[in-house]
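The lines below spell out each chain.
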Amino acid sequence: MSGEEGADPMKMPCSALSSATVKGWLHKEGGFVHSWKKRWCVIFKHKLYYYKNDTAKTPQGVIDLSEASGVRRTSGGGDGKHFILNTPNRVYKFAADNSKDQEMWIRQLGKALVEATTTEWDDTSDKLEAAMK
C-alpha cells in the first residue's frame, strides 16, 4: 500500500510512510487510560500517525492536522519536554526525549498545521480578482 490520497489512514503501514521527513519517537499520554506510552510518530500529508513501533503494520491512531487548532509547549512534568496538540475532540499530550526534540516537533507540527489549513495564493488569484472588478 502506498501513501496515496484516499487510502484508509488507519491501514497505513509504517513502511508506506518512508518518504516522510518528520518521524521519530515520542511519548504519548493515552486517551482513556492516562498512562504514557512510547510511540513512533510520523507527519505525512497533513496527518500525524502514531504507531507502537517503527515497523508496525497499522497505526495506533491518526490525527488529522487540518482539524487541529494549535500546538504548544506545556509544563507537564516540569522537564521542558512536554507539548500538547489541540483538536476539536481531544487535547493530545506528548513528551519528547529532550528539549531539542520537543522544539523540532512543535515547529514541524506547527508548519504542518499551517500547510493543512492554508490555501496557497498566487498571482493568478490576484489577476482573477482584478478582472472581476
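This report concerns the structure included in the present document. (Residues numbered from 1 in each chain as written. Predicted model: local features only at pLDDT ≥ 70, side-chain atom pairs only at ≥ 80, totals over all residues. Heavy atoms only, no water.)

## Some remarks on the overall build of the chain
No. 1: Tallying secondary structure elements over the chain gives two helices and seven strands in all.
No. 2: Helices and strands in the chain line up, N terminus first, as β-β-β-β-β-β-β-α-α.
No. 3: Burial analysis of the chain (133 residues in total) assigns 35% to the buried set.
No. 4: For the chain, restricting intrachain contacts to residue pairs at least 6 apart in sequence, the fraction spanning at least 24 positions comes to 45%.
No. 5: Surface exposure of the chain reaches about 8200 Å², of which carbon and sulfur atoms provide 50%. (Helix = DSSP H or I, 4+ residues; strand = E, 2+ residues; numbered from the N terminus. Buried < 20%, exposed > 50% of the residue type's maximum accessible area, 1.4 Å probe, protein only. Contact = heavy atoms within 4.5 Å. Areas by Shrake-Rupley, 256 points an atom, 1.4 Å probe, with all protein chains shown as cover.)

## Some thoughts on the packing of aromatic side chains
No. 1: The final tally for this structure, using the stated rule, is three aromatic pairs.
No. 2: A centroid spacing of 5.3 Å and a plane angle of 70° characterise the contact between W25 and W40, whose relative ring orientation is edge-to-face. With a gap of 15 residues between them, W25 in strand β1 (residues 22-29) and W40 in strand β2 (residues 36-44) connect regions that are remote in the sequence.
No. 3: Between the aromatic rings of F83 and F94, the centroid separation amounts to 5.5 Å while the plane-to-plane angle is 20°, which identifies the pairing as stacked. With F83 in strand β6 (residues 82-86) and F94 in strand β7 (residues 91-95), this residue pair connects regions lying eleven residues apart in the sequence. F94 carries the same exposure label as F83, and that label is buried.
No. 4: One residue, K38, lies across the ring of W25, its end atom 5.4 Å from the ring centre. (Phe/Tyr/Trp six-rings, centres within 6.5 Å; stacked < 30°, edge-to-face > 60°. Lys NZ or Arg CZ within 6 Å of the ring centre and 35° of its normal.)

## Overview of the environment of W36
No. 1: Its place among the elements puts W36 in strand β2.
No. 2: Discounting residues that sit within four places of it in the chain, W36 has contacts with H27, K28, E29, H82, K93, F94 and A95.

## Notes on the pattern of salt bridges
No. 1: If you walk through the whole model with that rule in mind, you get two salt bridges.
No. 2: A salt bridge links E29 to K93, with the shortest nitrogen-to-oxygen separation between them at 3.6 Å. With E29 in strand β1 and K93 in strand β7, this pair connects stretches of sequence that are 64 residues apart.
No. 3: The class for E29 is buried, based on a relative accessible area of 12%.
No. 4: K93 sits in the partly exposed class, given a relative accessible area of 38%.
No. 5: Between R73 and E103 there is a salt bridge, with its nearest N and O atoms 2.2 Å apart. With R73 in strand β5 (residues 70-73) and E103 in helix α1 (residues 99-117), this residue pair connects regions lying 30 residues apart in the sequence.
No. 6: In this structure R73 comes out as partly exposed when scored by relative accessible area, which is 45%. (Salt bridge = Lys/Arg side-chain N within 4 Å of Asp/Glu carboxyl O.)

## Structural notes on the sheet that holds β6
Where strands meet in a sheet, backbone hydrogen bonds hold them as pairs that are either parallel or antiparallel.
No. 1: Taking strand neighbours across the sheet as the criterion, the seven strands line up as β4-β3-β2-β1-β7-β6-β5 in an open arrangement whose pairing is antiparallel. Lying at the two open borders of the sheet, with one neighbouring strand each, are β4 (61-64) and β5. Neighbouring strand axes in the sheet, compared pairwise and without regard to direction, differ in orientation by 35° on average.
No. 2: Each of β1, β2, β3 (47-51), β5 and β6 is contacted by α1, which is oriented at about 165° to β5, the strand it contacts most. (Pairing = 2+ DSSP bridges. Axes fitted to C-alpha atoms, helices over the stretch in contact; angles between N-to-C directions.)

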